[in-house]
Amino acid sequence: EDINHDGNIDYKDVVYLGNSNPKFVGGFGTTITYKKNFKLSMFFNFKSSYDVVNGTMMTTTNMYGFNNQSTAVLRRWRNPGDVTDVPRALWNTGYNWLGSDRYVQDASFLRLRTVTARYTFDNKFVKKIKFKSLSAYLTLENLLTFTNYLGQDPEVAPRGVTGPFTVVTDNSTTPPVKSITFGLSASF
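Throughout, residues of each chain are indexed from 1 in the direction in which the sequence is written. Totals for whole chains, interfaces and linings use all residues, but because this is a predicted model, local features are given only for residues with pLDDT of at least 70 and pairs of side-chain atoms are given and counted only at 80 or more. The side-chain quantities take in all heavy atoms of the structure and omit both hydrogens and water.

Regarding the nonpolar core
We call a set of buried residues a nonpolar core when its members are Ala, Val, Leu, Ile, Met, Phe, Trp, Tyr or Cys and they connect through side-chain atoms within 4.5 Å of each other. Whether a residue is buried, partly exposed or exposed follows from its accessible area with a 1.4 Å probe, protein chains only, as a fraction of its type maximum: under 20%, in between, or over 50%, in that order. In this structure, Tyr-50, Val-52, Ala-107, Phe-109, Tyr-149, Val-156 and Val-168 together form the largest nonpolar core, which totals seven residues. The contact definition used throughout considers only heavy atoms, calling two residues in contact when any of these lie within 4.5 Å. Look past the residues within four positions of Ala-107 in its chain and what remains in contact with it is Tyr-50, Val-52, Thr-147, Tyr-149 and Pro-154.

Topic: the packing of aromatic side chains
Stacked, edge-to-face and tilted labels apply to pairs of Phe, Tyr and Trp rings (six-membered ring for Trp) whose centres lie within 6.5 Å, assigned for plane angles under 30 degrees, over 60, and everything in between, in that order. Applying the stated criterion across every chain, the model contains six aromatic pairs. Considering the side-chain rings of Phe-28 and Phe-46, the 6.4 Å spacing of their centres and the 45° angle between planes classify their relative orientation as tilted. One end of the pair, Phe-28, is in strand S1 (residues 24–34); the other, Phe-46, is in strand S2 (residues 38–48), with 18 residues separating them in the sequence. Among the aromatic side chains, those forming a connected cluster through ring pairs are Phe-28, Phe-44 and Phe-46. Over the aromatic face of Tyr-50 sits the side chain of Lys-47, whose NZ or CZ is 5.1 Å from the ring centroid. A cation over an aromatic ring shows up here: Arg-111 above the ring of Phe-109, its NZ or CZ 5.5 Å from the ring centre. Where helices and strands are cited, they refer to DSSP runs of H or I of at least four residues and of E of at least two residues respectively, numbered from the N terminus. When the NZ atom of lysine or the CZ atom of arginine is within 6 Å of a ring's centre and also within 35 degrees of its normal, the charge is said to sit over that ring.

Let's talk about the side chain of Asp-153
By the secondary structure assignment, Asp-153 is in the loop between strand S6 (133–147) and strand S7 (169–170). For Asp-153, a relative accessible area of 6% translates into the label buried. Residues adjacent in sequence count toward polar contacts only when both atoms are side-chain atoms; beyond that, a polar contact is any pair of N or O atoms within 3.5 Å, and within protein one must be able to donate a hydrogen and the other to accept it. For Asp-153, the side chain forms a polar contact with the side chain of Arg-111, separated by 2.4 Å. Excluding its chain neighbours within four sequence positions, the residues that come into contact with Asp-153 are Arg-111, Asp-170, Pro-175 and Pro-176.

Details of the layout of surface pockets
Of the two site types, the cavity is a set of points on a 1 Å grid over the protein atoms alone where a 1.4 Å probe fits but cannot get out, and the pocket is an open set with protein on both sides within 12 Å along at least five of seven lines, each lined by residues with an atom within 4 Å of a point. Grid points are joined across faces, edges and corners, and a volume is the space filled by probe spheres set on the points. Roughly 1000 Å³ of internal volume is contained in the largest pocket. In terms of lining, the largest pocket is formed by 36 residues, of which the most central are Leu-17, Leu-98, Gly-99, Ser-100 and Asp-101. At three residues, strand S3 (residues 51–54) tops the list of elements feeding residues into the lining of the largest pocket. Looking at side-chain class alone, the lining of the largest pocket contains 20 nonpolar, nine polar and seven charged residues. In this count, Pro and Cys sit with the nonpolar residues alongside Ala, Val, Leu, Ile, Met, Phe, Trp and Tyr, while Asp, Glu, Lys and Arg are called charged and the others, Gly among them, polar.

Overview of the pattern of salt bridges
Whenever Lys or Arg places a side-chain nitrogen within 4 Å of a carboxyl oxygen from Asp or Glu, that contact is recorded as a salt bridge. By the definition in use, this model includes four salt bridges. The salt bridge involving Asp-153 is made with Arg-111; its shortest N-O contact spans 2.4 Å. Pair noted here: Asp-153 is in the loop between S6 and S7 and Arg-111 is in strand S5 (residues 109–120), with a separation of 42 residues, a long-range link. Residue class for Arg-111 comes out buried when judged on its relative accessible area of 3%. Of the charged contacts in the structure, one is a salt bridge between Glu-155 and Arg-111, with a shortest N-O distance of 2.6 Å. Of this pair, Glu-155 sits in the loop between S6 and S7 while Arg-111 is found in strand S5, placing the two residues 44 residues apart along the sequence. In the salt-bridge network here, residues are joined through shared partners; they are Arg-111, Arg-113, Asp-153 and Glu-155.

Okay, structure coming up:
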């Protein structure tokens, strides 16, 4: 957009687009016990109202050099009258490679971080097999993430020097692994 109204869209039209400092960060959980033998624990974490530069999208839709491009560039502007969300291709020139509101995205999320189901065996059974205690558990990690963010993982950590003016950029780092752990806990 021609912010300064000089008839050109260039570096002089750069404006503030977002904030990488979340308004709210936190977590919460609950534990439900049923008949003293079964226990279900859940923990969620979240970040709210924070913006991330989708660096992967920026790299794969800039149409600036010889790098591979996303299929999204097939929607680029080509002729007067075209209505699109992708600007024209300008090889080795222009400002498509600069950050813009096309790349700054709200990365708010709510993630179900862990769920643990534990069953503690009855004392009669435990004594019968000559144990003091016995329980089995199943833990599931990083099961669900609720977000509207378009990148791989909304939980993007700043790199290098951090502070209130750090711009968080997502370059498609690997999201947290979903894992399942089964275990037995016993004492003799």
